[in-house]
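Coordinates in review
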Amino acid sequence: MDTRERYAAYAERIAGVSPSYAAWARSLDDGLVSLLDEVPEPKRQPELLFAVARRLGADPADPGALRALVQEARPALVSALASATVQANDPRRLAPVVPLFAALAARVGRPLGLVDAGAAAGLCSIPDRVTLDYVVRAGVPGVGAGADRAPQRASRPVPPGRDARTGARSEVVRMHTAAAEPALHLVAESSGPVPTPAAGPIDVRARVALDPNPIDLAVPGAFDRLVEAVPPEATDRTALMRAAARATLAAPPVRIRGTLPGDLDRALDALPDDVVPVVLTTGTLVYVPGPDRQCFVDQVRERGAHWIALERTGILSGVAATLPGDVDRSDPDAFATASLDGVALAVTDPFGVRTRWVGDPNL
């Protein structure tokens, strides 16, 4: 996928969330393409360009602001883009991940030790501090009910109704209740054979945040840096990130500066001996060079750790091979695959707010 195709795909994906960012992505012209050609490939992502442009004074409300910035401040933009990082760290991605942690915790029967690889500020390092409600379609076989236990309704349920897209009746199922406060409350759509709700809270006894540029939320201004890539229209997303930040500050991870796969051993070694090690990746492996991705998977296996992932569908052939044949990889709602120990169990939209389960993590 070349730069123009990448930005066109991004515009289509983001249009419903942020018309301003979609307009910026569609404003890509020869000048912007040539500018992006001057920086390394990982620095060409739309979120990074837009965050840097805003830092330099471009107004997202102006569709022509990117082109104007190239004309007026090209050297400054190239320099800032070449050295910048963006770590949006979206906690919504925990919605398809929390049931995997719950299933693993029930299976091993011991406290978990979490290594969040590509953690940024650690907003996805708190699966135990998430209260998760699924909005599921009633009357669909396997939806909202476990093998031997009826679904637990949320204590403050979203009023039942009909799915806006399918017309099917829906109900809210409490999938997990946070182990402690402050906590993050997530509500997400779910379909397919939804897993059994957690019987109890997930016990994460230790957590490590591995990142090339880890963010310490206790530092003044850190949260502002974290949300600079969030589209200006996405105020609800910023509010969720703020709630996740409060929960993360209450259970801060050990921060280790490093990358995959080279520093994974160091991160795993930082966990205490009395926990079951689990490595979490959420949108991380796209930034790992292709040959190193399988090295990472092999390394996790060799260390005897478990691996929970929400990664772009098809980025790892081994995981993709475990998807059922009816998954359309071009479907936006199959953009990412949720997996446990390399086995695909669900597909989701890019943000984790719509999950279709294709397997049972409790088996």
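One can find the structure itself at the top, above this paragraph.
Please read all numbers here as calculations on a predicted model, not as lab measurements.

Considering helix H1 (residues 3–14)
For H1, built from twelve residues, the straight-helix expectation of 16 Å at 1.5 Å per residue is met to within 8% by its first-to-last C-alpha distance of 16 Å. Along H1, the positions that sit buried rather than exposed are Thr3, Tyr7, Tyr10, Ala11 and Ile14. Viewed end-on, H1 has its buried residues packed into an arc of 100 degrees, placing them on one side of the element. Here the buried face of H1 lies against helix H2 (19–26), helix H3 (30–36) and helix H4 (46–55). Backbone nitrogen of Arg4 and a side-chain oxygen of the N-cap are separated by 3.2 Å at the start of H1; the cap is Asp2.

Re the side chain of Thr355
For Thr355, the location among the structural elements is in strand E12 (residues 354–357). Among the residues examined, Thr355 registers a relative accessible area of 2% and is labelled buried. Excluding its chain neighbours within four sequence positions, the residues that come into contact with Thr355 are Pro96, Glu189, Ser190, Ser191, Ala346, Val347 and Thr348.

Quick notes on the environment of Ala51
Among the structural elements, Ala51 can be located in helix H4. In the structure, Ala51 is positioned 33 residues away from Ala84 in sequence and 9.1 Å away in space, judged by C-alpha atoms.

Quick notes on the nonpolar core
Leu94, Phe101, Leu132, Tyr134, Leu226 and Ile308 are the most contacted members of the largest nonpolar core, which has 52 residues in total. Per-element accounting of this core gives the leading share, six residues, to helix H6 (residues 98–108). With near-sequence residues (within four places) excluded, Tyr134 lies in contact with Ala95, Pro96, Pro99, Glu171, Val172, Val173, Met175, Ala188, Ser190, Val194 and Trp357.

Quick word on the environment of Ala250
Looking at the element boundaries, Ala250 is found in helix H8 (residues 235–250). For Ala250, a relative accessible area of 40% puts it in the partly exposed group. In the structure, Ala250 is positioned 42 residues away from Val208 in sequence and 14 Å away in space, judged by C-alpha atoms. Non-local contacts of Ala250, meaning those with residues more than four positions away in its chain, are made with Arg129 and Pro182.

The rules behind these values
- Residues numbered from 1 in each chain as written.
- Predicted model: local features only at pLDDT ≥ 70, side-chain atom pairs only at ≥ 80, totals over all residues.
- Heavy atoms only, no water.
- Helix = DSSP H or I, 4+ residues; strand = E, 2+ residues; numbered from the N terminus.
- Expected span 1.5 Å × (residues − 1).
- Buried < 20%, exposed > 50% of the residue type's maximum accessible area, 1.4 Å probe, protein only.
- Arc of directions from axis to C-beta.
- Contact = heavy atoms within 4.5 Å.
- Polar contact = N/O pair within 3.5 Å; in protein donor to acceptor, adjacent residues only side chain to side chain.
- Core = buried A, V, L, I, M, F, W, Y, C linked by side-chain atoms within 4.5 Å.

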